[in-house]
Amino acid sequence: MGRAHPAPDLLPGTLDLLILQAVGRESMHGYGIAQYLKTLSNDVLQVGEGSLYPALQRLMLNGWVTAEWGASENNRRARYYKLTATGRKQLARERDQFDRMVVAIHKVLTA
Amino acid sequence: MLLRRVWFIIRRHKLEADLEEELDFHREMTRQRLEADGVPTSDAAVEARRALGNTIAVSEHVRDVWIWSWLQDAVQDIRYAVRQGRRSPQLASAVLVTLVIGIGLNAVAFSAFNGILFRAQVTRDPASFVQTYSFVTGDRDRQWHGTPTKGTLQLYQAFRTDAHTLSAVTAGKWETFRIRDAEFSTTVRGKFVSCNYISAYMGPMLLGRGFIENDCSTAGGPPVAVLSETGWTTRFKRDPAIVGRTMQLDNQFVTVIGVTADGAPGEPQMPHVLVPYTQASPEYFRDPPSRHAWLDLSGRLAPGKSRDQANAELNVIAAALDHQHPGRTTKILVTNGALAAEPRNARGMRPLLVLVLGAMLLLLLMVCTNVTTLLLARAAARRHEMAVRLSLGATRSRLMRQLLTESLLLAFGAGVLSLGVAYYLPRSIAQLLAGNTSVTASFALDWRVLGYTWGLVMIAGCAAGLTPAFESLRTRLGGRAHPLSSSGAQTTSFLRGGLIAEQLAISLALLVGMGLVLRSKDDILKPDIGYDANAVLVANIDLASLGYSHYNALAFYDRLVPRLQRLPGVKTVALCSLPPFQGQRLTHITTNVTGTSGVPAHLRAASPEYFAVTGIRLVRGRLFSAAESRFPRSPTPVLVSEFLARALPSGSNDVGQRFSLADGRAVQIIGVVSDTSSVRPGEGDNGVLYQSTGATNLATASVLMRFTGDPQTLMSMVRLEVRDLDPQLFVSPETVATTIARESERYAVVVKLVAIPACLVVFLSLVGIYGVTAFAVAQRRHEIGVRSALGARPREIVGLLFLALRWPLLAGLALGILLSAVGNRLLQQANLVTDVTLADPWAYGSALLLLISAAGATLIPALRGAHAEPWLVLRND
């Protein structure tokens, strides 16, 4: 299984979750995903390309996303990533795990 | 996932280019954003690049995702497997040895097939070698005759002058020569060849010179011969003074002009002596050159030409010649000279191939089952380890891969060792097969053998390792069963039963098959020929080479036969041409039925006593009269065997019918005699045509004697009598039994060849069935303990265990019988067995043997378990 090089400031595994969530709404290119995460998180989540592209490849290898070449908004060739059916299941699973984790951490911190 | 990974490795460059473009796009977008934010253009580009970081590092990381971690895991697995092997060396070596037997035998069989069948048997430059076969149809006036697939003199000359796709065209014909030395005469395999034969395939010359065109220019002239290195070594002990020496070859004196290095195209044997084809018997040159096909035509491709081109061109040349013979069509087939490509082999070869390789694969499967049991026993013990690993977070697929790596590594090791075996063994076998004649078949390990062995390794590794791997992983974490108890999860009874059934079925099929082959070889070695082969003596008296004519020979035998008759112990003396099992001469009886090419028959001259000596009965008509046995008659009186009589169109009123033979002679049937076996030991003769001894040259006849008493004494007396009549004559009489033994020597070799794997199969199947059953019982040790603790008596426990075995054993037997039936059918198709049915004591015996082994394997641990103190058994858990 692919070894991850996730952004050090993220919880392990969260990057995959975020990417799956992003491409789950509509197909997006790599730059788009980075911008999306950055905008929605008010510049908190700055995903480096060195983490983003290996992560995308890993998701592709696992069959959770597929890629397709298409034209970008400024008419350049760009690779668009799309969530697959198994990817959607994986997203649900990871989301579940993440929620449980957050609840658990929250419980510990508020104890 | 694996597929995707392999896909990536194949399409690596494309995917890397994609990534490059993608990163480029990302950089461009970042630059545009920065510009939009008001950063100057030049700074924006730098900034964008900085934001992206090291592109090469990124693509390295991406590549890691695809390949590296995978490779790392594989290396880890291999290291782990090696450590495991070192920790239990007995198990590893037991598995290794078993697998080497399985894979090795397979590789040897395949390599031998590959070497003998699929490769052109040409020492030098096999790539340019071509072998031709001719097929003649529509020859209405039946003027064409000779050996099917051979070429005529006319065809040879046409190929030589007109074929531009060939750089050399050669002709050859195998012949058995009798070399006479000072004391004894021996027979050697030799070849009549065209004069470019040596330069095309053999050479360089070790001594003297090869043939020059002049040696082949006129029929009959100059009597010269060249020895091959093999012939020089085996017959003349590498005598350096051989060149220039004259030796007697059949009836002719020839001068040895040179010795050439070995090399023979398209044949697994090496000719010992080569003679220009123009010196072949005059009968080959009597007919017009377009009629008689007797030459083996082969050649070398011209540079840059292909066999297909040669095929096309030779067919055009042959078709042009056909114009002179209306209705006749000659088709030419060009091959690379491999035995498997030979037209007469094409049909008989496939069942043999399927049979041998199929049996070998079955053997491999059986070996794998043995290994499976070995590994299963360990798998049970390793459940603990696997449970720990699973709870530490290893995925099942990851562990599966690791476990399979172990068995594949063992199989790989066995494969490498097997290649060594496959490299050396076929050579020794070939030497064994060929006896003292050298074999030109090459057994180099080419890509076919390597590929086949590699396939075997994969099959063996997976077949042997998959079940144990599943077994190791059959652990449920957090379930009811205690994951750390070694007997917590029991091997399912289905798996156990399946292994037993499989082992029994394969063992039975192999044992029965081997048994049938060995038994029918026995029939060939000691065939029932209708009379006691030990009580008939044969003496070949070579009067022809001393220049005797028929009448001189007649006078000679008039004196010899009464003398032999008076010898003590001799009952009947007969004369014949071609004594039993010493060769065959085929002829065709021309019938008036249109559309048939004549009825084939073995031709033999025989005196009336011959039939009494060899136990042949007169069915109807009469035997030859004394006068017919002495002088030629026209038409020639002949006797036909019952088989031949049935094949003739005349029906049952055949006595008195007239026919003509292939050589044009008219014959009249005077009687019908019973069938016999006199050509190939263990086989009926089909049609035999007996002509009177008066119709042939008696100088080429042999003497047959029915006798009682010691053959050695009689042989000496016969030798003395013959030398007394003509001191120049040397005879070495032998019994027909000796002839059969000599002729069936190659079958004896086959017996040896089959016997070695057969012993292995018996051993492996007994051990295997024992192992599988014992393992199945051992799995229930815990249960036995509990039952006896609860008061079950030993007899009941043993009964219980036997009862559990009934379905696997029945299924195994049924499957085994089915497989044996298929095998038996293939054996018969491949002509390897003389009619034996499955209702054979051997088949029953082997089934019984296997069942006893299984019973023993159940009984011993069952009794031990039943008698053991229950607390001891349970404490072990």
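Residues numbered from 1 in each chain as written. Chains lettered and ligands numbered in written order. Predicted model: local features only at pLDDT ≥ 70, side-chain atom pairs only at ≥ 80, totals over all residues. Heavy atoms only, no water.

Quick notes on the overall build of chain B
When you go through chain B residue by residue, the secondary structure sums to 25 helices and 23 strands. Buried positions account for 48% of the 877 residues belonging to chain B. Residue pairs in contact within chain B that sit at least 24 positions apart in sequence constitute 80% of those at least 6 positions apart. Looking at chain B as shown, the accessible area adds up to about 40700 Å², and 60% of this sits on carbon and sulfur atoms. (Helix = DSSP H or I, 4+ residues; strand = E, 2+ residues; numbered from the N terminus. Buried < 20%, exposed > 50% of the residue type's maximum accessible area, 1.4 Å probe, protein only. Contact = heavy atoms within 4.5 Å. Areas by Shrake-Rupley, 256 points an atom, 1.4 Å probe, with all protein chains shown as cover.)

Description of the packing of helix α1 (residues 14-25) of chain A against helix α2 (residues 30-40) of chain A
Residue and element names in this part refer to chain A. Between α1 and α2, the least distance of the axes is 10 Å, while the angle of their chain directions is 105°. One finds that α1 runs roughly perpendicular with respect to α2. Contacts between α1 and α2 involve Leu18, Ile19, Ala22, Val23 and Arg25 from the former and Ile33, Tyr36 and Leu37 from the latter. Taken together, the residues that form the contact of α1 with α2 break down as 7 nonpolar, no polar and 1 charged. (Axes fitted to C-alpha atoms, helices over the stretch in contact; angles between N-to-C directions. Parallel < 35°, antiparallel > 145°, perpendicular 65-115°, else oblique. Nonpolar A, V, L, I, M, F, W, Y, C, P; charged D, E, K, R; others polar.)

Thoughts on the side chain of Arg604 of chain B
Residues and elements named next belong to chain B. As for its placement among the helices and strands, Arg604 is situated in strand β16 (residues 599-606). A distance of 2.8 Å separates a polar atom in the side chain of Arg604 from a polar atom in the side chain of Ser678. If we ignore the near neighbours within four places in the chain, the residues touching Arg604 are Ser577, Leu578, Pro579, Pro580, Tyr610, Ser678, Leu689, Tyr690 and Gln691. (Polar contact = N/O pair within 3.5 Å; in protein donor to acceptor, adjacent residues only side chain to side chain.)

Description of the state of the cysteines
Residues and elements named next belong to chain B. In this structure the tally under the stated criterion is 1 disulfide over all chains. Each sulfur of the disulfide joining Cys195 and Cys216 lies 1.9 Å from the other. Classification of the bridge connecting Cys195 and Cys216 rests on its S-S torsion, roughly 85°, and on that basis the disulfide is right-handed. Residue Cys195 is found in the loop between β5 (185-193) and α7 (197-201), and its partner Cys216 is found in the loop between β6 (205-208) and β7 (224-228); the two are separated by 21 residues along the sequence. (Disulfide = S-S within 2.5 Å.)

Looking at the sheet that holds strand β3 (residues 77-83) of chain A
All names here are of chain A. Taken together, 3 strands build an open sheet; the order of strands is β1-β3-β2 and the sheet is antiparallel. Each edge of the open sheet carries a strand with a single partner, namely β1 (28-29) and β2 (65-71). Inspection of the sheet shows β1 paired to β3 by 2 bridges, in the antiparallel sense. Paired with His29 across the bridge in β3 is Tyr80. Against the sheet, α1 engages β1, β2 and β3, with an angle of about 100° to β3. (Pairing = 2+ DSSP bridges.)

Focus: the packing of aromatic side chains
Throughout the structure, instances matching the rule amount to 12 aromatic pairs over all chains. Each ring, one from Tyr551 of chain B and one from Phe631 of chain B, has its centre 6.3 Å from the other, and the planes form 25°; the classification is stacked. Here Phe631 of chain B lies in the loop between α17 (626-630) and β18 (636-641) and Tyr551 of chain B lies in helix α15 (residues 550-566), a separation of 80 residues in the sequence. Taken together, the ring pairs in this structure connect Tyr610, Phe611, Phe624 and Tyr690 of chain B into an aromatic cluster. Across the ring face of Trp69 of chain A, the terminal group of Arg77 of chain A is positioned such that the distance to the ring centre comes to 4.2 Å. (Phe/Tyr/Trp six-rings, centres within 6.5 Å; stacked < 30°, edge-to-face > 60°. Lys NZ or Arg CZ within 6 Å of the ring centre and 35° of its normal.)

Side note on a positive patch on the surface
All names here are of chain B. Together, Arg79, Arg83, Arg86 and Arg87 give the surface a local cluster of positive charge. As for its position among the elements, Arg87 is in helix α4 (residues 55-87). Relative accessible area serves as the criterion here: at 60%, Arg87 is assigned to the exposed category. (Patch = residues over 30% accessible without salt bridge, like charges linked within 9 Å, V, L, I, M, F, W, Y side chains within 5 Å. Salt bridge = Lys/Arg side-chain N within 4 Å of Asp/Glu carboxyl O. Lys, Arg positive; Asp, Glu negative; His and termini not counted. Charge placed at Lys NZ, Arg CZ, Asp CG, Glu CD.)

Re the pairing of strand β15 (residues 586-590) of chain B
Residues and elements named next belong to chain B. A one-sided burial pattern is seen for β15, the buried positions being Thr587 and Ile589 and the unburied ones Leu586, His588 and Thr590. Alignment of β15 against β16, held across 4 bridges, turns out to be antiparallel. In the sheet register, Leu586 faces β16, and the bridge partner there is His602. In terms of strand pairing, β15 meets strand β19 (residues 658-661) through 2 bridges, oriented antiparallel.

Here we look at the pattern of salt bridges
The tally for this structure, following the rule as stated, stands at 18 salt bridges over all chains. The partner of Glu229 of chain B in a salt bridge is Arg238 of chain B, and the shortest N-O contact between them spans 3.3 Å. Looking at Arg238 of chain B, the relative accessible area reads 39%, which means it is partly exposed. For Arg622 of chain B, the salt bridge identified is with Glu628 of chain B, shortest N-O distance 2.9 Å. When its relative accessible area of 5% is taken as the criterion, Glu628 of chain B is described as buried. Among the charged side chains, a salt-bridge network with shared partners connects Arg76 of chain A together with Glu28, Arg31 and Glu35 of chain B.

Let's talk about unusual backbone geometry
All names here are of chain B. Here Ser634 and Pro635 are connected by a cis peptide whose omega angle stands at -5°. Counting through the fold element by element, Pro635 comes out in the loop between α17 and β18. Of note, Arg238 is a non-glycine position whose phi angle comes to about 50°, a positive value. Tracing the backbone through its elements, the reader meets Arg238 in the loop between α8 (229-236) and β8 (246-249). With phi around 50°, Leu578 is a residue other than glycine that occupies positive phi space. One can find Leu578 in the loop between β14 (570-576) and β15.

Quick look at the environment of Val573 of chain B
Residue and element names in this part refer to chain B. Tracing the sequence through the fold places Val573 in strand β14. Looking at Val573, the relative accessible area reads 4%, which means it is buried. Separated by 11 residues in sequence, Val573 and Pro562 have C-alpha atoms that sit 8.7 Å apart. Aside from chain neighbours lying at most four places away, what touches Val573 is Val561, Leu564, Gln565, Glu609, Val703, Leu704 and Met705.

Section: the confidence of the model for chain B
Segments scoring low in pLDDT should not have their predicted coordinates read at a detailed level. All names here are of chain B. Across chain B, the average pLDDT comes to 78, with 79% of residues at or above 70. In this model residues 435-440 is a low-confidence stretch, pLDDT under 50, and it forms 17 contacts with partners more than four residues away in sequence or in other chains. When the criterion is pLDDT under 50, residues 478-491 qualifies, and its contacts beyond four places in sequence or with other chains add up to 23 contacts. Two numbers describe this predicted complex: its pTM, 0.56, and its ipTM, 0.77. (pLDDT = per-residue confidence, 0-100.)

Points about the environment of Phe177 of chain B
Inspection of the secondary structure puts Phe177 of chain B in strand β4 (residues 166-180). Setting aside its immediate chain neighbours within four residues, Phe177 of chain B contacts Thr186, Thr187, Val188, Gly190, Lys191, Phe192, Leu249, Asp250, Val273 and Val275 of chain B.

Regarding the environment of Val457 of chain B
Residue and element names in this part refer to chain B. In this structure, Val457 sits in helix α13 (residues 447-473). Between the C-alpha atoms of Val457 and Leu408, which are 49 residues apart in sequence, the distance is 7.3 Å. What Val457 contacts, discounting residues up to four positions off in sequence, is Ile103, Leu408, Ala411, Phe412 and Gly415.

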